[in-house]
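# Commentary on secondary and tertiary structure
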Amino acid sequence: MSSDFRWTIRVPLRRHAVQTVALVMAAVLSAIAPAQAQERGAAELARLIDGMGVSARVLMIAAHPDDEDTQLIAWLARGRHVETAYLSLTRGDGGQNLIGDELGEGLGVIRSEELLAARRIDGGRQYFSRAYDFGFSKTAAETFEKWPREAVLGDVVRVVRQFRPHVIVSVFSGTPRDGHGHHQVAGILAREAYDLAGDTLRFPVAEFGRAWDPAKFYRSARFNRVAATLEVPVGEYDPILGRSLAEVAGASRSQHKSQGFGSLERRGPASTFVAREASRVAAPDDASAERSLFDGIDTSWTRFQGAVTGAGRRAAFDSLAAAVAAARAGVDFRDPGASIPALVRVRRLLDTICPASGGCSGEGEPVARDLQRSHETALARVNAALLAAAGVAVEAEASHAVVVAGRPVQVVVRVYNQGDDSVIVDDRPLAPASVRVDTVRVEAAGPTAPWWLAEPRRDGVFTRGSPSPEDARVASAATVSLTVQVGGAGGGVGVPLDVPVVQRAADAVRGDVSVPVAAAPAVAVALDRAVAYAPAGRDIERVVRVRLRSADTAARVVRVALELPRGLRADSVTRELTLAGAGAEASVAFTIRGQLAAGRHLVRAVATSGGERFTTGYELIDYEHIRPQRLYRPAEVAIEAVDVTIPAGLTVAYVRGVSDNVAPMLEELGVGLTMLAAGELAGTDLSRFDAVVLGPRVYEASAQIAAATPRLLDYARGGGTLVVQYQQDALNAPAAAAVANAPAGAPREADAVDAALLTPYPLTVPRPIVRVTVEEAPVRIVDPAERLLTWPNAIGERDFAGWVQERALYMPSVFDVRYRAPLEMNDPGEAPGRGALLIAPYGEGTYIFTTLALFRQLPAGVPGAARLFVNLLSAGARERPSAM
């Protein structure tokens, strides 16, 4: 929310050198393109002025974060000043996470922020639909079973009508060639939106916005160059940046860190390719004769002549092109302030063409809607250019990163005059090379959380959706509203600003760190996890730790209590503590005892303070390459009581893999667990463990694992049980190197991966990969006598009920006869596969390779997956009395 506080800053219209020009705050720049925050000074001023006469728009559409062609986006947005946007149907919730523990909605938050970080570099805008990424899908038909087709198509139509692109570029073909079912659907819906965005009967104006018919439709042909009709030279060198546009695209691509897409920033010639599929304009009949995406489209302002009526508006319109040309010609890198008169002239003409009071008249006509959207872009660019030329910078700082939602926040506002001329701030002069400091109070909105998660999902989509670009949303819970007047007293133009409030600090390692201020409850209450295990029908004694965070500047006395299910009791009714003030954190521990019947039970924490009751808290998601985010959830844990038997004294060493939260769940069942880092394998006596477990994709997470494999196999040969969870491309080093060095976004369906070097007996992971993505797919036990399915827990059909997202992935299709394969499964319409669980005797011990998605099942509290995992760990255990 904005405060009532407003300033007017006046800059005299004189031409003097500005030695350092600073662009004013990210909020202004996000109104144009967030990438412009990456440069400052006269170079960025020149870029803004160059873009004022460009009014073309391109929308790229695909399925996930990291599907976009960053090279084409950078070439269009940075190289050609085309307003360019990327629409990702999903936020990537169903993927995996190479940098942390978050999966599901938490991963979706990370990947959304990674897209915004990428756009800040390559210059594009970012949109999302409401579709939830439910995981890998093999066909468009399966995807449409999970996503309501009309709802997701409606989202795409909303974005098309709001952004009003002249050209749509679909990354995917909409055919099985795309592989992933989400990719296929993205290609299908992109074309349907192109065809239907002008249909106001199917998509009424009141719900979806005014109709818009894009002029042309292309599909990416990066990996199908035979079909390409146009080559785009995305490797062009930008002398202002001092970098090629492909280098910019490489930096943008590397923001997808959670997916391991760090890319080279390549110099030299580079191309991307597209194929024209449809056109509504007089482009060449032979698409291969085109020389530009915009052949047949008038991208100049002359196309708006018919939409501008009235003598004054028409005169301003007729003068605009010359005024923009004069501003472009007048750029002086040593004297940015010299551009102010020409920029003021452009701004006044834009104000006359589309007055603030009435906008661009005739918005019922497509050309007028086109003018309205182009005018908004031009206005944002000239406003940012005026601020850059004037050399004014503004900062708004709060003393704390987290404040109480709904309360006023004290904010220190600094206005810097970095030019050679005095400026006027609120009727008071501000001398060159000086700063004015004021303190204001601004109300904080909140709580600050990912807005699309404010309500539960329904029918495969998030409930909340918006056609507005994500990057245009103010990231801070508080803003300060300003008006900067440039051009001298009585003769200037005003630039409105919403300055986000940040907390700024000097980090000992990272240096100057600014984070948007977030609003939270006065007391946030959270438990360590949302799901936990316990053995059913047995005595349990467990510590429940309640974490508390204060956003209140005043000290608070807080009382905490637990609400327990039948069968459990706590060692204390309440705990009491004092939170010293804003930023204070503390925890209280309760010991709970008792027994739980098989099933799911809730434990809740409640905090009371100052007559208020607090029952929610947040998980902080904080990585250096993205903005911090907070995921809110109730202060409760669902305890899944599992009917499980564990051999007494079972000891396990666990080497954590990617997105791997399995180990804590095993501990809660009573497994004696020791966590080992990859580097500790060489120096640890492994013989003291009944089993050693390697987490999912651990070979990719650590280069030390491959080096330790001979020792691990020796451990199994000597009588141990080695359990290896699914691996992706890293089972074979040459294959992994080939994948790592492939061009960004290249298909990974080349040669099969032979894992013989890292497994006791050969097995082959094919390309394309074999996986069972339907979590309800039947699992057939083809060898009921298999000991690992009968002891210590009898595994049956019920143990495969309630699984989440998928059954198995990257399944071997060919394996040595010495492997036993007791399970068989397949997705509907596919041949059965037996590569989900492979068991082989090896010397005196056992080697187990499983591609079952246990890394998803155990953190979700699936009871059958826990029982099966315990059996795998018990392969070498003697049939002795059970634990607990």
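The present account deals with the structure reproduced in this document. All figures in this text were calculated on a predicted structure; none of them were measured in a lab.

## Comments concerning the environment of Met60
- You can see Met60 is positioned in strand 2 (residues 57-62).
- Here the alpha-carbon distance between Met60 and Val171, two residues 111 residues apart in the chain, equals 7.0 Å.

## Describing the sheet that holds strand 37 (residues 721-725)
- The strand order across the open sheet formed by six strands is 35-34-36-37-44-43, and the pairing between neighbours is mixed. At either margin of the open sheet sits one strand with a lone partner, and together these are strand 35 (672-676) and strand 43 (837-842). Going from strand to strand, the sheet's axes swing by 20 degrees on average, the running direction of each strand aside.
- Bridge count for strand 34 (residues 651-655) against strand 35 is five bridges, and the pairing is parallel. By the bridge assignment for strand 35, Tyr654 is matched with Met675.

## Some thoughts on the pairing of strand 19 (residues 502-507)
- Sheet analysis places strand 19 next to strand 20 (residues 511-516), joined by six bridges and oriented antiparallel. Paired with Ala506 across the bridge in strand 20 is Asp512.
- Linkage of strand 19 to strand 20, two consecutive antiparallel strands, is achieved through a turn of three residues.

## Notes on unusual backbone geometry
- Of note, the amide linkage connecting Arg767 to Pro768 takes the cis form, showing an omega dihedral of 0 degrees.
- Residue position: Pro768 is located in the loop between strand 39 (763-765) and strand 40 (779-781).
- Residues Trp791 and Pro792 are joined by a peptide bond in cis, for which omega reads 0 degrees.
- Structurally, Pro792 is set in the loop between strand 40 and strand 41 (814-815).
- Phi at Asp66 is positive, roughly 85 degrees, even though this residue is not glycine.
- When you line up the elements, Asp66 lands in the loop between strand 2 and helix 3 (70-79).
- The residue His81 is not glycine, and still its phi comes out positive at about 60 degrees.
- Residue classification places His81 among the buried positions, given a relative accessible area of 15%.

## Details of the sheet that holds strand 26 (residues 568-570)
- Spatially, the four strands line up as an open sheet ordered 22-24-28-26, and their pairing is antiparallel. Strands with a single pairing partner mark the edges of an open sheet, and in this sheet they are strand 22 (523-527) and strand 26. Between one strand axis and the next, the sheet turns through 30 degrees on average, direction left out of account.

Analysis parameters
- Residues numbered from 1 in each chain as written.
- Predicted model: local features only at pLDDT ≥ 70, side-chain atom pairs only at ≥ 80, totals over all residues.
- Heavy atoms only, no water.
- Helix = DSSP H or I, 4+ residues; strand = E, 2+ residues; numbered from the N terminus.
- Pairing = 2+ DSSP bridges.
- Axes fitted to C-alpha atoms, helices over the stretch in contact; angles between N-to-C directions.
- Buried < 20%, exposed > 50% of the residue type's maximum accessible area, 1.4 Å probe, protein only.

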